[in-house]
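Topology and contacts: notes
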Amino acid sequence: MKAIRRFTVRPVLPEPLRPLSDLARNLRWSWHTETRDLFQSVDPEQWAASGGDPVRLLGSVRPARLAELAEDRRFLRRLAAAAGDLHDYVSGERWYQAQTGDLPAAVAYFSPEFGITAALPQYSGGLGILAGDHLKAASDLGVPLIGVGLLYRHGYFRQSLSREGWQQEHYPVLDPNELPVTLLEEADGTPARVTLALPGGRSLIARIWVAQVGRVPLLMLDSDVEENDLGERGVTDRLYGGGSEHRLLQEMLLGIGGVRAVRTYCRLTGHPEPEVFHTNEGHAGFLGLERIAELCDTGLDFDAALEAVRAGTVFTTHTPVPAGIDRFDRELVARHFGPGAELPRIDVDRVLRLGMETYPGGEPNLFNMAVMGLRLAQRANGVSLLHGRVSREMFSGLWPGFDPEDVPITSVTNGVHAPTWVAPEVFRLGARQIGAQRAEDALTVGGSDRWDSVADIPDQVIWDLRRDLREQLVTEVRQRLRASWRQRGAGEAELGWVDGVLDPDVLTIGFARRVPSYKRLTLMLRDRDRLMELLLHPEHPIQIVVAGKAHPADDGGKRLVQELVRFADDPRVRHRIVFLPDYGMAMAQKLYPGCDVWLNNPLRPLEACGTSGMKAALNGCLNLSVLDGWWDEWFQPDFGWAIPTADGAGTDVDRRDDLEAAALYELLEQRIAPRFYERGRGGLPDRWIEMVRQTLTHLGPKVLAGRMVREYVERLYTPAAQAHRAMTPDVARELAEWKSRVRGAWPAVSVDHVETSATSATAELGTTLTLRVRVALGALDPDDVEVQAVSGRVDAEDRIRCGAAVPLKPVGGPDGEGRWSYEGPLSLDRTGPYGYTVRILPDHRLLASGADLGLVAVPAEEMGEGAGVLLR
């Protein structure tokens, strides 16, 4: 019989065991081995049955067992130690507290998904895992971060396979009362709520759940409350589900409701108010509108409020393709703002202008969330060096007249939270080598000196560890494969072959990620006969473990999954290649350590960063990847291999796949597999072990989320906090008025004449020329602008590459025609084709970049050599 109502019955822990509840409610257990070991010892069978979730574990342990533990002195000592360690962790000083300077009092970090642990399934892929790792690293470093997201009642889908290998989706219902979250309550014990106004006089109400991620609170908004109508209750039903209006409401709740949730949380807990707001991708971009509305309520006009909000906002873009950005019909957006809807105090046209694609090639009727994110943030970044360049190209239309390299989008390369992704066996090896505290510091704060000790670990120890991890993966794969085949309808009698799947002594390659077409799940199948030869090679065999989910609406991605599954079902190779359904954090934590090689073969440059290979590297797994994302930045032959890219202009997609697949087979056959099986004098693969050692020593400190968060603090959060503090109401008004004046006067700004002291088109290295410029500034004066000389190498079309900008000084004016004279030195510091030009940029002490306004004046083309090409 089916129950008509569901309750969550919480256990009553004996008094001596009460600290277990605190340990279970702080998600630090998800990356703290000692705490997980403690919970496992409560009841090993129930721990396994609960999927390693302490909240579920404590709800299922027999009272008799709890009573027994309450009398177990040894267990109580371990419990006291774990509770004391957590207290020290959340209250003691860490890296952030030891820094000097004007650091932010707090930072609010908004993301549509967070991958903290499999016990809180609120993620779909890399964006969420990155956001989770960001929070964990901030906690480890002591950064006062507040995470903001949504609590999806169905999370992301669970994946299984049909008998024919077709992906099937399941959406289990999540009860927040059974999750490691706590309801935020007002002082009178009622649930704290935020409310959004909807068209037609309706409202969207959401409760606030708090997941404690170490020191960092993660606020999660949940619209499944009785006061909402059925449609509004479903706003937070699924991650990335529903149509346009559904998604728009999710993003309004995340951005606008998220700011209101932060204000409520700080009011109720005394947490410092954020000085910096970080938008992780465009989904949360509406947060800027809510903050503008807050300031308008204090008497600021829209333009001044916009400047104040931009000063303290950081925007991170994660997509290298326009198709990956959420865009809404402008009429849909207009309907949800203004009188009778949300933010009635702000003119709808001002809202729309922030997101409209008002640049060549843009769609004028679409509202672009990333465009709004960039217009509302004074600081923006991509997530790898290459992705920064791609982003500057992709969004260059927002800064007309500027070369892509001058577009104010920097990059902070992603990192991964090592304590989450490093196998306990790897950590224990490090702890034996340098001590537990130094090993923990190496994984959280970083610092290459802590990783250098890897050089002292004997080869035999490294090889034995790698073999143990591979053997654990083989056991895990067989269990999951058997369960998958049972789901597909196979009987136990059919599955005897599963016990022979994979071999702990065979070179093991991993490939696991989402399955959009650009990640090319099936590139390895391009020449099936050749792949089969590699899998079954008599001397140098390989085996491959594959996992990944296609988006429920992506039938093309599902066909790729089915193609791979059908190949892996072939009795000739099914012991050497497997597809594991329902890829998630729990599987990933077993998969990365057990692989010898991590394969990544996206279409370059469509992988913004791609952090899976980083997690593998931290466990001594070598990378085999196209030079895209982070691998383009840090690849060295000492610790991996690069798949050559066939991206010439004349190469079509099929031809490119053929060429790159052939290069992949060649690398595996000629270089990778022989090196793995090659044995030195001591019977060990010396050269392979050395590559593992180089991976840990040189890549280890770079790929850490701790390094990433430190960069955010130093390069983005701290400057943003300082800009926020400087932006008092009067200063914000002054800046807004100055920008309005400059924009109005800019059409009259021009470079009228350029000359140098050069007497010919050649000059000697080290020569310093005098550059003289005459400019028209119209109604502006020299305090409003900076006149720059830009010089550097030039290409065949006289385009300056990697130019250096030097300000010129005013030396006279205005003359009778209102023109000003500028002068300065031009040093010829490199040989070969060399050129210079002059440009005028708006200049104000509060601008983060000269490109901030998107205004620039350069010499007219007819000025020719006057604008300068020298040293041909």
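Look a little higher up for the structure.
This one's a predicted model, so the numbers in the text were calculated from it and none came from an experiment.

1. Let's talk about the pairing of strand β27 (residues 834-842)
For β27, the tally of buried residues reaches eight of nine residues, placing the bulk of the element in the interior. Sheet analysis places strand β23 (residues 785-794) next to β27, joined by nine bridges and oriented antiparallel. Of the residues in β27, the one forming a bridge with V787 is I840.

2. Overview of a positive patch on the surface
A surface patch of like charges, here positive, comprises R73, R74, R77 and R78. In this fold, R74 is placed in helix α6 (residues 73-91). Owing to a relative accessible area of 58%, R74 belongs among the exposed residues under this scheme.

3. With respect to the nonpolar core
Formed by 108 residues in total, the largest nonpolar core has its most connected members in M524, L624 and W688. Top contributing element to this core by residue count: helix α26 (residues 653-677), with 10 residues. Once residues lying within four places of it in the same chain are set aside, the contact partners of M524 are F511, L531, I544, V546, L564, I577, L599, L664 and Y665. Judged by nonpolar contacts, the second largest core, of 101 residues, contains L127, A192, M372 and W820.

4. With respect to unusual backbone geometry
For the bond running from R604 to P605, omega is 5°, close enough to zero to count as cis. Unlike most non-glycine residues, E281 shows phi in positive territory, near 75°. With respect to the secondary-structure elements, E281 resides in the loop between β9 (276-280) and α10 (287-296). Despite not being glycine, R520 has its phi angle at roughly 55°, a positive value.

5. Things to note about the sheet that holds strand β22 (residues 768-776)
Spatial ordering of the open sheet is given by β21-β22-β26-β25, a layout of four strands whose pairing is antiparallel. The open sheet has two free edges, formed respectively by β21 (750-756) and β25 (809-812), since each of these has just one partner strand. Going across the sheet, the axis of each strand differs from the next one's by a mean of 30°, ignoring polarity. Pairing of β25 with strand β26 (residues 819-827), which is carried by three bridges, proceeds in the antiparallel orientation. Its bridge partner being in β26, P810 is matched across the sheet by Y822.

6. Observations regarding the sheet that holds strand β19 (residues 622-626)
Read across the sheet, six strands follow the order β17-β16-β15-β18-β19-β20 without closing on themselves; strand pairing throughout is parallel. Strand pairing shows two members of the sheet lacking a second neighbour, β17 (577-580) and β20 (640-643), which therefore form its edges. The sheet shows a mean angle of 20° between the axes of neighbouring strands, direction not considered. Both strand β18 (residues 597-600) and β19 contribute to a ladder of four bridges, which runs parallel. Paired with N600 across the strands is S625, a residue of β19. Along the sheet face, helix α20 (residues 459-487) touches β15 (507-512), β16 (542-547) and β17 and points at about 60° away from the line of β17.

7. Brief notes about the pattern of salt bridges
Scanning all chains against the criterion turns up 65 salt bridges. Salt-bridge contacts for R799 lead to D403; the nearest nitrogen and oxygen are separated by 2.7 Å. Within this pair, whereas R799 is found in the loop between β23 and β24 (800-807), its partner D403 is found in the loop between α15 (385-394) and β14 (410-411), the two being separated by 396 residues in sequence. One salt bridge in this structure joins E660 and R656, with 3.1 Å as the shortest N-O distance. Residue E660 and its partner R656 are located together in helix α26, separated by four residues, close to a single helical turn. The buried category is assigned to E660, whose relative accessible area is 1%. Looking at R656, the relative accessible area reads 12%, which means it is buried. Each of the salt bridges in this network shares a partner with another, and the network as a whole consists of R520, R526, D654, R656, D657, D658 and E660.

8. Remarks on the environment of V371
With respect to the helices, strands and loops of the structure, V371 is situated in helix α14 (residues 369-375). What makes V371 buried here is its relative accessible area of 0%. Considering only alpha carbons, one finds V371 and W31, 340 residues apart in sequence, at a separation of 36 Å. The contact partners of V371, leaving out residues within four places of it in the chain, are L354, G355, M356, Y359 and L398.

9. Let's talk about the pairing of strand β8 (residues 216-222)
Most of β8 sits out of view: seven of its seven residues are buried. Side chains V216, L218, M220 and D222 of β8 all project onto a buried face; the interleaved residues P217, L219 and L221 project onto the opposite face, where all are buried too. Relative to β8, strand β2 (residues 145-150) is paired through four bridges, and the arrangement is parallel. The residue of β8 that forms the bridge with V148 is L219. Pairing between strand β7 (residues 203-213) and β8: seven bridges, direction antiparallel. By the bridge assignment, V213 is partnered in β8 with V216. In sequence, β7 turns back onto β8 through a hairpin of two residues, with G214 there showing a positive phi of about 65°.

The rules behind the values
- Just so you know, the residues in each chain are numbered from 1, in the order the chain's sequence is written.
- Local features are withheld for residues below a pLDDT of 70 in this predicted model, meaning they are given only at 70 or higher, and side-chain atom pairs are given and counted only at 80 or more; totals for whole chains, interfaces and linings count all residues.
- Think of the side-chain values as coming from all heavy atoms in the structure, minus any hydrogens and water.
- Summary of the burial criterion: residues with accessible area below 20% of their type's maximum are buried, those above 50% are exposed, and those between are partly exposed, where the area comes from a 1.4 Å probe applied to protein chains only.
- By definition, any uninterrupted DSSP run of H or I lasting at least four residues is a helix, any uninterrupted run of E lasting at least two residues is a strand, and each is numbered from the N terminus.
- A pair of strands counts as paired when DSSP detects no fewer than two bridges linking them.
- Patch membership requires over 30% relative accessible area and the absence of a salt bridge. Like charges are linked within 9 Å, and nonpolar side chains (Val, Leu, Ile, Met, Phe, Trp, Tyr) within 5 Å.
- For every accessible area listed, the method is Shrake-Rupley and the probe measures 1.4 Å; residues are considered covered only by the protein chains on display.
- Salt-bridge detection follows one rule: a side-chain nitrogen of Lys or Arg within 4 Å of a carboxyl oxygen of Asp or Glu.
- The positive count covers Lys and Arg only, the negative count covers Asp and Glu only, and His and the chain ends enter neither.
- By convention, the charge on Lys lies at NZ, on Arg at CZ, on Asp at CG and on Glu at CD.
- Here, nonpolar core means buried Ala, Val, Leu, Ile, Met, Phe, Trp, Tyr and Cys residues that are tied together by side-chain atoms lying within 4.5 Å of each other.
- We call two residues in contact whenever any of their non-hydrogen atoms come within 4.5 Å of each other.
- Inter-axis angles, ranging from 0 to 180 degrees, are taken between N-to-C directions of lines fitted to C-alpha atoms, where helices are fitted over the stretch in contact.

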